[in-house]
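# A look at the structure
Here are the chains, one letter per residue:
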Amino acid sequence: MPPTLLAIDTATEVCSVALAIGARRMANRGAIVRRLPAVESLGSCTLVASDKTGTLTCNELTVRVVQLADGRSFEVTGAGYEPSGEIVANAPAVEPAGADAPLGALLEVAVACNEADLVEQEDGWSWRGDPTDVALLALARKGGVSRDTLLLGRPRVGMIAFEPEHRFAASFHTTDGNTWVAVKGAPERVLGMCCLDGPARVAVLESAARLAAGGYRVLALASGRLPRRFSPAETPAEPLDLEYLGLLGLIDPLRPGAREAIQRCREAGIRVVMVTGDHPLTALAIARDLDIGDGPGHVLTGQELEGEAKSRLHAALDSVTVFARVTPAQK
């Protein structure tokens, strides 16, 4: 059968055919474009700004480390959201972890200040909600703390939902004629609400920095009481005078193939930068694993980015490969 000849007599038609061929080749590799000019835009791309959580990582968080306010630390076994595993003390304890009052207080906050669901069904476990909250529910179950039981004795009457702008969440519960408050969030934010002196606060922030440098996402937990009943009709205010309970270190493994994809981009002359709301040290540890950054000079925080002149921002892009603690608006 003789080949089919296609007559092309305008430059527009030449471009359309070339773009169509490019779109078909991309489709064969799993990339679908709705408009042909997108092929040209992608072909001229020299920099990719990628979100971290769920893109470069799996977005399946697991609590690995628990550090209590009294200085003791625990290792958490198991992986994923299924609550199979144990909370194991790193040093011999007088009593088992399940009977440890400070650990129990921390786990109560983990389930109270939480908007996710983790349910056992006939065919296994199912979950719904924010990955961090699901990971906290799995941790609590490993420690023998049930959210249903806690909420029966301390009904929730108010909530401050987590927002990246204020970096904490709070839950208000009625108990014994007053109000119990449970708080979780970024260590530097939560510690500002706690009754800690200067040296104690510095020590906690140093512990949080060490966890972050190890690639952990770090949460601080605290609780307190209001000497009155909280009315569901009132707007919750930021709680103060809280008791600091401890830190949690959560790990989010790299997505399979992410490192290889970044290497292919590099070979094609495309730089990859990471954008995340995580702590700068956590972000830098992930960047090292991905081979896109290995020092503080490669990191720029959202606070530093605020108000930065565009000319300086363009100059920073020559060396910065990690944008950390950035807000959704900045993304």
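Further up the page is the structure itself.
Residues numbered from 1 in each chain as written. Predicted model: local features only at pLDDT ≥ 70, side-chain atom pairs only at ≥ 80, totals over all residues. Heavy atoms only, no water.

### A look at the side chain of Thr 132
- Inspection of the secondary structure puts Thr 132 in helix α5 (residues 131-142).
- Relative accessible area serves as the criterion here: at 10%, Thr 132 is assigned to the buried category.
- Residues contacting Thr 132, with those up to four places away along its chain left out, are Leu 61, Arg 217, Leu 219 and Leu 250. (Helix = DSSP H or I, 4+ residues; strand = E, 2+ residues; numbered from the N terminus. Buried < 20%, exposed > 50% of the residue type's maximum accessible area, 1.4 Å probe, protein only. Contact = heavy atoms within 4.5 Å.)

### Quick notes on the sheet that holds strand β3 (residues 73-76)
- With antiparallel pairing, the eight strands of this open sheet are ordered in space as β4-β3-β2-β11-β10-β9-β8-β7. Edge positions in the open sheet fall to β4 (87-89) and β7 (156-160), since each of these has one partner strand only. Averaged over neighbouring strand pairs, the angle between their axes works out to 20° when direction is ignored.
- The sheet contact formed by β7 and strand β8 (residues 168-175) spans four bridges and is antiparallel. Looking across to β8, one finds that Ile 160 is bridged to Ala 170.
- Its contacts with the sheet put helix α8 (residues 198-213) on β2 (62-68), β10 (217-226) and β11 (243-251), and the angle it makes with β11 is roughly 10°. (Pairing = 2+ DSSP bridges. Axes fitted to C-alpha atoms, helices over the stretch in contact; angles between N-to-C directions.)

### Here's the deal with the packing of aromatic side chains
- What the rule picks out here adds up to one aromatic pair.
- Measuring from centroid to centroid gives 5.0 Å for Tyr 81 and Trp 127, while their planes differ by 75°, and the two rings are edge-to-face. In this pair, Tyr 81 is assigned in the loop between β3 and β4 and Trp 127 in strand β6 (residues 124-128), connecting sequence segments 46 residues apart.
- Judged by its relative accessible area of 8%, Tyr 81 is buried. (Phe/Tyr/Trp six-rings, centres within 6.5 Å; stacked < 30°, edge-to-face > 60°.)

### A closer look at the state of the cysteines
- Within the structure shown, the criterion is met by zero disulfides.
- The thiol of Cys 113 is not disulfide-bonded; the next cysteine sulfur, from Cys 194, is found 13 Å away.
- Classification of Cys 113 as buried rests on a relative accessible area of 0%.
- Just so you know, Cys 195 is unpaired, no disulfide at all, and the nearest cysteine sulfur is the one on Cys 194, 7.4 Å from it.
- Its relative accessible area of 52% is what places Cys 195 among the exposed residues. (Disulfide = S-S within 2.5 Å.)

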